[in-house]
Structures are given as structure tokens and as C-alpha cells.
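Structural features, examined
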Amino acid sequence: MARILIVDDSPSQLMGIQRIVEKLGHEIFTATDGAAGVEVAKQVLPDLVLMDVVMPNLNGFQATRTLKREASTRHIPVVLVTTKDQDTDRLWGMRQGAKAYITKPFSEIELSEVIERVFNVEEPPTA
């Protein structure tokens, strides 16, 4: 069971993502904007952050960049979960340090597969 932080300013989106993640058996933490998401991530050090992009205070791109620059949180993978579906958005999100990018609306299967893929990335062999 992993500890997953969901950051989204839409109560319905937050509940929908939470339902899917709980079904997968993971422990959930939530935040309703990017600034709060960064603070919760620093406190609980989750195994994964599912981050919306369009949010007040600190958008998801800014919050991801902040997490990746912070020594205590840089190891935490971030998946951007957003309505922004342009190639430039995807590229910018990955440049901020995101491990994956999924656009809304998505299916339960799509989100589950992205989460599984992030957790099952093979580590390079050590010499």
C-alpha cells in the first residue's frame, strides 16, 4: 500500500480520483491547491503525488517545480492530472519534473495503469 497525495481544487474531481486510488488499496492524503499540496507533501512525504494543473495560489506546474527543487521532496514522483491537453502543456509539465501526464477526463483503468507504471519503473542495474 502506497501513500498518495491528491492535489485538485475541484471537489468532484478530488472525490473521483480518491475513489479510484482507494479502490487500489492506497492511503490517501488531499490538498485543494498547489501551495497546500507542497506543504502536505513536505509533512507526509507521500510515495506519489497526483497533481492537477489549473489551481489557485500555485498552479500544478509551479507546485511540481517546487517539489522537485526541495531536497526533502525531490524523490517523490509527480503525475500531472489535468484538462490541459496540448503537446506544449505536456512538454512543459514533464520539464517541471513530472513522471507522467494524464488528461481529464480519464477512465479508472487509465489512471490505475499510470499509477502502476510509476510504481513499477525498473531501477537501472547497479554495478
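Reference entry: report on the structure contained in this document. What you see as residue numbers is a count from 1 along each chain, following the sequence as written. At least 70 in pLDDT is required for a residue's local features to be given in this predicted model, at least 80 for side-chain atom pairs to be given and counted, and no such filter applies to totals for whole chains, interfaces and linings, which use all residues. Heavy atoms throughout the structure, all of them, feed into the side-chain values; hydrogens and water do not.

1. Quick notes on the packing of helix 1 (residues 11-23) against helix 5 (residues 108-119)
Throughout, an axis means a line fitted to C-alpha atoms (over the contacting stretch in the case of helices), and angles, computed between N-to-C directions, take values from 0 to 180 degrees. Helical segments are the DSSP runs of H or I of at least four residues, strand segments are the runs of E of at least two, and each set is numbered from the N terminus. Interhelical geometry of helix 1 versus helix 5 gives an angle of 60° and a closest axis separation of 10 Å. Judged by the angle between their axes, helix 1 and helix 5 are oblique. Here helix 1 and helix 5 pass one another in a crossing that is right-handed. Packed against helix 1, whose contacting residues are I17, R19, I20, V21 and K23, the element helix 5 presents E108, L111, S112 and I115 at the interface. In these notes the angle categories are as follows: under 35 degrees is roughly parallel, over 145 is roughly antiparallel, 65 to 115 is roughly perpendicular, and the rest is oblique. Crossing handedness follows the turn of the near helix against the far one: under a right angle anticlockwise gives a left-handed crossing, and clockwise gives a right-handed one. Contact criterion: two residues are considered in contact whenever any of their non-hydrogen atoms come within 4.5 Å of each other.

2. Comments concerning the sheet that holds strand 1 (residues 3-7)
Spatially, five strands are ordered 2-1-3-4-5 in an open sheet, and the strand pairing comes out parallel. Two strands in the sheet have a free side with no partner beyond their single neighbour: strand 2 (27-31) and strand 5 (100-103). Adjacent strand axes in the sheet meet at a mean angle of 20° when their direction is disregarded. As paired elements, strand 3 (residues 48-51) and strand 4 (residues 78-82) share three bridges and run parallel to each other. Bridge assignment links M51 to a residue of strand 4, and that residue is L80. Along the sheet face, helix 1 touches strand 1, strand 2, strand 3 and strand 4 and points at about 165° away from the line of strand 2. In this fold helix 4 (residues 87-95) packs onto strand 4 and strand 5, with an angle of close to 145° to the strand it touches most, strand 5. At least two DSSP bridges between two strands are needed for those strands to be called paired.

3. A closer look at the side chain of S112
Position of S112 among the secondary structure elements: in helix 5. The contact partners of S112, leaving out residues within four places of it in the chain, are I20 and L24.

4. Considering the nonpolar core
Put simply, a nonpolar core is a bunch of buried Ala, Val, Leu, Ile, Met, Phe, Trp, Tyr and Cys residues held in one set by side-chain atoms that sit within 4.5 Å of each other. Buried residues are those whose accessible area, probed at 1.4 Å on protein chains only, stays under 20% of the maximum for their type, while exposed residues exceed 50% and partly exposed ones sit between those limits. Counting 20 residues, the largest nonpolar core has L5, V7, V49, M51, L67 and L80 as the members making the most contacts within it. Among the secondary structure elements, those contributing two or more residues to this core are strand 1, strand 2, helix 2 (34-44), strand 3, helix 3 (60-69) and strand 4. No other element matches the four residues that helix 2 contributes to this core. Beyond its immediate sequence surroundings of up to four residues, L80 is in contact with M51, V53, G60, F61, T64, G93, A98, A100, Y101 and I102. In terms of nonpolar packing, the next biggest core, distinct from the first, is built from 19 residues, I4, I6, L14 and L111 among them.

5. Some thoughts on the pattern of salt bridges
When a carboxyl oxygen of Asp or Glu lies within 4 Å of a side-chain nitrogen of Lys or Arg, that pair is called a salt bridge. Using the criterion set out here, one finds seven salt bridges in the structure. The residue E108 makes a salt bridge to K23 at a minimum N-O spacing of 3.0 Å. Highlighted residues: E108 in helix 5 and K23 in helix 1, separated in sequence by 85 residues. For D52, the salt bridge identified is with K104, shortest N-O distance 3.4 Å. Remark: K104 occurs in the loop between strand 5 and helix 5 and D52 occurs in the loop between strand 3 and helix 3; sequence separation between them is 52 residues. Pair check on accessibility: D52 and K104 agree, each one buried. Residues joined in a network through salt bridges with shared partners are D8, D52 and K104.

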